[in-house]
Amino acid sequence: MDYHATSPLDPRVLDAMMPALTTDFGNAASRTHSFGRHAESLVETARAQVAHSFGAQSDEIIFTSGATEANNIALKGIAEAYRQKGNHIITQVTEHKSVLDPLKYLEKNGIQVTYLPVDQQGSISLENLKKAITEKTILISIMSANNEIGTIQPTETIGKIAKERGIFFHVDAAQTLGKISMDVEKQGIDLLSCTAHKICGPKGIGALYVRKKNPHVHLNPLIHGGGHEGGIRSGTLNVPGIVGFGKACELAVAEMDKESARVRKLRDKLKAGLEKELDQIYVNGHPTERLPNNLNISFAYIDGQSLLTSLGETVAVSAGSACISGTPGPSFVLKAIGIREDLAHTAVRFGLGRFNTEEEVDRVIDVVVKTVKKLRAMSPLYQADKRSHE
Ligand SMILES: *Cc1c(COP(=O)(O)O)cnc(C)c1O
């Protein structure tokens, strides 16, 4: 239940990839022979599948190694290309590290960044956003949903605000593609980052959407070379990965309504099951504006790490984002929503997905309840607190 970190490869995606991994091995840039032209046609089919999953056109898709690279290209690419226009970027404190770290790098190079705070549910204030805009603002970068607490931001409204002021709008959609409906036209998005391995596709392949019309967005490349992907991202294309990403997008979008409803039901069952058996547990994030597959819970009087270690052999969950799981202390996202330090230490993130079953949810409830009760039985603080309530 750690689908926010990654997801298993769907067998249908593997089937689609097999030819490109074996017989159809051509270089998509080799146009002089049929091997190359065939590989190119596989890539173009996948490009359309990715584009159509969020209302874009094929020629607006640049394949990358994942959402981290897409975020880097978007932020650094805009900052360089529009240096004459302005040097100010607006984001929020709870972005993924692959947005925050490139921005930190840009700050060392003369870019000014406003980090909007979030409220206790993890939402930004649209008033704060409007107030932060200056004559020098060139870009607003706000993720569509958070990878730890699942809070969904009002992407469409942010897109309108950006458009009114003639500012580009970038969205890290790694957690929302295939989970909630994304549409770059309706939501006024100029740049969108996404990745295959969060939607049961292969790892190491993602994409950046770059708007071509109304307005045409220019980017300076990070990787120079053979001029692939419109010169924005040189290097021989990862044809099997791209084919898999295309298939993963097609499946995720075709099955989204049904699958999101199914997963939401499982998530709600998990929440209800834990709440029925355990006192003093608290859900972190937004009660309604939340990804259907996300549940982030603090278990008071437990050390989150001890809980994860105890669960580790049977249940795959995490304390926060996998990308920062090496760093000690509570997650910066939980700090940003202002939850009590002791509760931040006890948070567990559940991320449900395509291959989780109802039977697994029952098992997870059982194991988590037993483990929390066992750990609390060893906690003098919990015992004292319980006596004071009796
Ligand atoms: C997973 C994730 C990323 C990183 O994607 P990679 O493809 O692993 O580089 C970026 N942003 C968010 C919100 C994510 O969840």
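Up top is the structure these notes are about.
Here's a quick rundown of the structure.

**Description of the overall build of the protein chain**
From N to C terminus, the protein chain includes 13 helices and ten strands. Taking 21 Å as the expected radius of gyration for a compact globule of 390 residues, we find that the protein chain reaches 22 Å, a close match to that expectation. With respect to the three principal axes, the spread of C-alpha positions in the protein chain is 80 × 55 × 35 Å. Residue pairs in contact within the protein chain that sit at least 24 positions apart in sequence constitute 74% of those at least 6 positions apart. Surface exposure of the protein chain reaches about 17000 Å², of which carbon and sulfur atoms provide 54%.

**Description of the site of the ligand**
The local shell around the ligand holds 13 residues, among which Thr 68, Asp 172, Gln 175, Thr 195 and Lys 198 are the closest. A distance of 2.6 Å separates a nitrogen atom of the ligand from a polar side-chain atom of Asp 172. Lys 198 is positioned with one of its side-chain polar atoms (N or O) 2.7 Å from an oxygen atom of the ligand. In the shell around the ligand, the residues fall into three nonpolar, eight polar and two charged.

**Let's talk about the packing of helix α9 (residues 304-311) against helix α12 (residues 358-377)**
Packing of α9 against α12 brings their axes to within 10 Å, and their N-to-C directions diverge by 130°. Of the possible angle classes, the one that applies to α9 and α12 is oblique. For the pair α9 and α12, the sense of crossing is right-handed. Residues Ser 306, Leu 307, Ser 310 and Leu 311 of α9 form the contact with α12, whose own contacting residues are Val 367, Val 368, Thr 371, Val 372 and Leu 375. Looking at the contact of α9 with α12 residue by residue, the classes come out as six nonpolar, three polar and no charged.

**Considerations on the state of the cysteines**
Summed over the entire model, instances satisfying the criterion amount to zero disulfides. Free cysteine Cys 200: the closest other cysteine sulfur is in Cys 249, separated by 12 Å. A disulfide-free cysteine, Cys 249 has its sulfur positioned 6.0 Å from the sulfur of Cys 194, the nearest such atom.

**Section: the pattern of salt bridges**
It is possible for side chains bearing opposite charge to pair when their charged atoms get close. Per the stated rule, a full pass over the model turns up 27 salt bridges. As a salt-bridge pair, Glu 359 and Arg 363 come within 3.5 Å of each other at their nearest N and O atoms. Taken together, the residues Glu 359 and Arg 363, both in helix α12 and four residues apart, mark about one turn of the helix. With a relative accessible area of 48%, Arg 363 lands in the partly exposed category. One network of salt bridges, with partners in common, ties together Asp 10, Arg 12, Glu 255 and Arg 354.

**A look at the sheet that holds strand β5 (residues 168-172)**
Backbone-to-backbone hydrogen bonds pair the strands of a sheet. The strands run either parallel or antiparallel. The strand order across the open sheet built from seven strands is β1-β7-β6-β5-β4-β2-β3, with neighbouring strands paired in mixed fashion. If you trace the sheet from one side to the other, it starts and ends with β1 (61-64) and β3 (112-116), each paired once. The sheet shows a mean angle of 20° between the axes of neighbouring strands, direction not considered. Pairing of β1 with strand β7 (residues 206-210), which is carried by four bridges, proceeds in the antiparallel orientation. Paired with Ile 61 across the bridge in β7 is Tyr 209. Lying over the sheet, helix α3 (residues 67-81) contacts β1, β2 (88-92), β4 (137-141), β5, β6 (191-195) and β7, oriented at roughly 160° with respect to β6. Helix α6 (residues 155-164) contacts β4 and β5 of the sheet and is inclined by roughly 155° relative to β5.

**Details of unusual backbone geometry**
Of the consecutive residues Asn 214 and Pro 215, the connecting peptide bond is found in the cis state with omega at -5°. Topologically, Pro 215 is positioned in the loop between β7 and α7 (239-254). Even without being glycine, Asn 214 reaches a positive phi, approximately 50°. Considering the arrangement of structural elements, one finds Asn 214 in the loop between β7 and α7. With phi around 70°, Tyr 301 is a residue other than glycine that occupies positive phi space. Inspection of the secondary structure assignment puts Tyr 301 in the loop between β9 (294-299) and α9.

**Brief notes about the pairing of β6**
Counted residue by residue, β6 has five buried out of five residues, so it is predominantly covered. Along β6, one buried face is formed by Leu 191, Ser 193 and Thr 195 and the opposite face, lined by Leu 192 and Cys 194, is buried too. In this structure, β5 lies alongside β6, joined through three bridges in parallel fashion. Its bridge partner being in β6, Asp 172 is matched across the sheet by Ser 193. Of the pairings in the sheet, the one linking β6 to β7 comprises five bridges and is antiparallel in character. Residue pairing across strands places Cys 194 opposite Ala 207, the latter belonging to β7.

**Focus on the side chain of His 96**
Among the structural elements, His 96 can be located in the loop between β2 and α4 (97-107). Taking the relative accessible area as the measure of exposure, His 96 reaches 12% and is therefore buried. Here the side chain of His 96 touches Ser 98 through a polar contact of 2.7 Å, side chain to side chain.

Each value, and the rule that gives it
- Residues numbered from 1 in each chain as written.
- Predicted model: local features only at pLDDT ≥ 70, side-chain atom pairs only at ≥ 80, totals over all residues.
- Heavy atoms only, no water.
- Helix = DSSP H or I, 4+ residues; strand = E, 2+ residues; numbered from the N terminus.
- Rg over C-alpha atoms; globule rule 2.2 N^0.38 Å.
- Contact = heavy atoms within 4.5 Å.
- Areas by Shrake-Rupley, 256 points an atom, 1.4 Å probe, with all protein chains shown as cover.
- Near = heavy atom within 4 Å.
- Polar contact = N/O pair within 3.5 Å; in protein donor to acceptor, adjacent residues only side chain to side chain.
- Nonpolar A, V, L, I, M, F, W, Y, C, P; charged D, E, K, R; others polar.
- Axes fitted to C-alpha atoms, helices over the stretch in contact; angles between N-to-C directions.
- Parallel < 35°, antiparallel > 145°, perpendicular 65-115°, else oblique.
- Left-handed = near helix turned anticlockwise from the far one by under 90°.
- Disulfide = S-S within 2.5 Å.
- Salt bridge = Lys/Arg side-chain N within 4 Å of Asp/Glu carboxyl O.
- Buried < 20%, exposed > 50% of the residue type's maximum accessible area, 1.4 Å probe, protein only.
- Pairing = 2+ DSSP bridges.

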